[in-house]
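What follows is each chain in one-letter form.
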Amino acid sequence: NIRSDGKYIRDYIHVGDVVKGYIFLLKKLEKVKGEAFNFSSSDNLSVINLIKLAQDVLKVKIPFKILNSAKNEIPYQHLNDRKIRKLGWKPNYTIKNTFPEIIDWYKNKLFVQQ
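Calculation criteria
Residues numbered from 1 in each chain as written. Predicted model: local features only at pLDDT ≥ 70, side-chain atom pairs only at ≥ 80, totals over all residues. Heavy atoms only, no water. Helix = DSSP H or I, 4+ residues; strand = E, 2+ residues; numbered from the N terminus. Polar contact = N/O pair within 3.5 Å; in protein donor to acceptor, adjacent residues only side chain to side chain. Bend = angle between axes of the 7 residues up to and from the residue. Buried < 20%, exposed > 50% of the residue type's maximum accessible area, 1.4 Å probe, protein only. Contact = heavy atoms within 4.5 Å. Phe/Tyr/Trp six-rings, centres within 6.5 Å; stacked < 30°, edge-to-face > 60°. Lys NZ or Arg CZ within 6 Å of the ring centre and 35° of its normal. Axes fitted to C-alpha atoms, helices over the stretch in contact; angles between N-to-C directions. Left-handed = near helix turned anticlockwise from the far one by under 90°. Nonpolar A, V, L, I, M, F, W, Y, C, P; charged D, E, K, R; others polar.

Draft legend 1. Focus on the side chain of arginine 10. For arginine 10, the location among the structural elements is in strand S1 (residues 9–11). Reaching out from arginine 10, the side chain makes a polar contact with the backbone oxygen of isoleucine 74 at a distance of 2.8 Å.

Draft legend 2. Region of the structure containing helix H5 (residues 95–110). Along H5, the sharpest kink reaches roughly 25 degrees, centred on glutamate 101. Buried residues of H5: Ile95, Thr98, Phe99 and Ile103, and no others. Of the surrounding secondary structure, the elements contacted by the buried residues of H5 are strand S2 (44–46) and helix H3 (47–58).

Draft legend 3. Focus on the packing of aromatic side chains. Tallied over the full model, the rule gives three aromatic pairs. With centroids separated by 5.3 Å and ring planes inclined at 65 degrees, the aromatic side chains of phenylalanine 39 and tryptophan 89 adopt a geometry described as edge-to-face. Here tryptophan 89 lies in the loop between helix H4 (82–86) and H5 and phenylalanine 39 lies in the loop between helix H2 (29–32) and S2, a separation of 50 residues in the sequence. Look at phenylalanine 39 and you get buried, because its relative accessible area is 9%. For tryptophan 89, a relative accessible area of 5% gives the class buried. The interplanar angle of 85 degrees and the centroid separation of 5.0 Å between the aromatic rings of tryptophan 105 and tyrosine 106 together place this pair among those described as edge-to-face. Among the aromatic residues, those joined into a ring-pair cluster are Tyr22, Phe39 and Trp89. Lying across the ring of phenylalanine 37, lysine 83 places its NZ or CZ 4.7 Å from the centre.

Draft legend 4. Local environment of the packing of H3 against H5. Following both chains from N to C, one finds H3 and H5 inclined at 65 degrees, their axes separated by 10 Å at the closest point. Between H3 and H5 lies a crossing of right-handed hand. Residues Leu50, Leu53, Ala54, Val57 and Leu58 of H3 lie in contact with H5, whose contacting residues are Ile95, Lys96, Phe99, Pro100 and Ile103. Counted by class, the contact of H3 with H5 contains nine nonpolar, no polar and one charged residues.

Structure below.
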């Protein structure tokens, strides 16, 4: 079930990029001490487009129901990462090229074979 109308845009970033970002900042600690930084990606997708991507990767039809019951949701959420990019950081992963790996991870964690 999708709580919203499915059209809200979210910024999806791979955890590996966030970890590498923190390591990147640690190496520049003296220069950036006391500052705040956002990590972001170029993967800005609606929930419906995320489902379509999953369907393409899995080669299955994913049934979903749009409830449109979400209240006070932000239609477009994306962090501004210009500041950290100016220091030389950038994401290495995209949701499209890591989706198969993500699906496998969930299969292994949620559907433990006996």
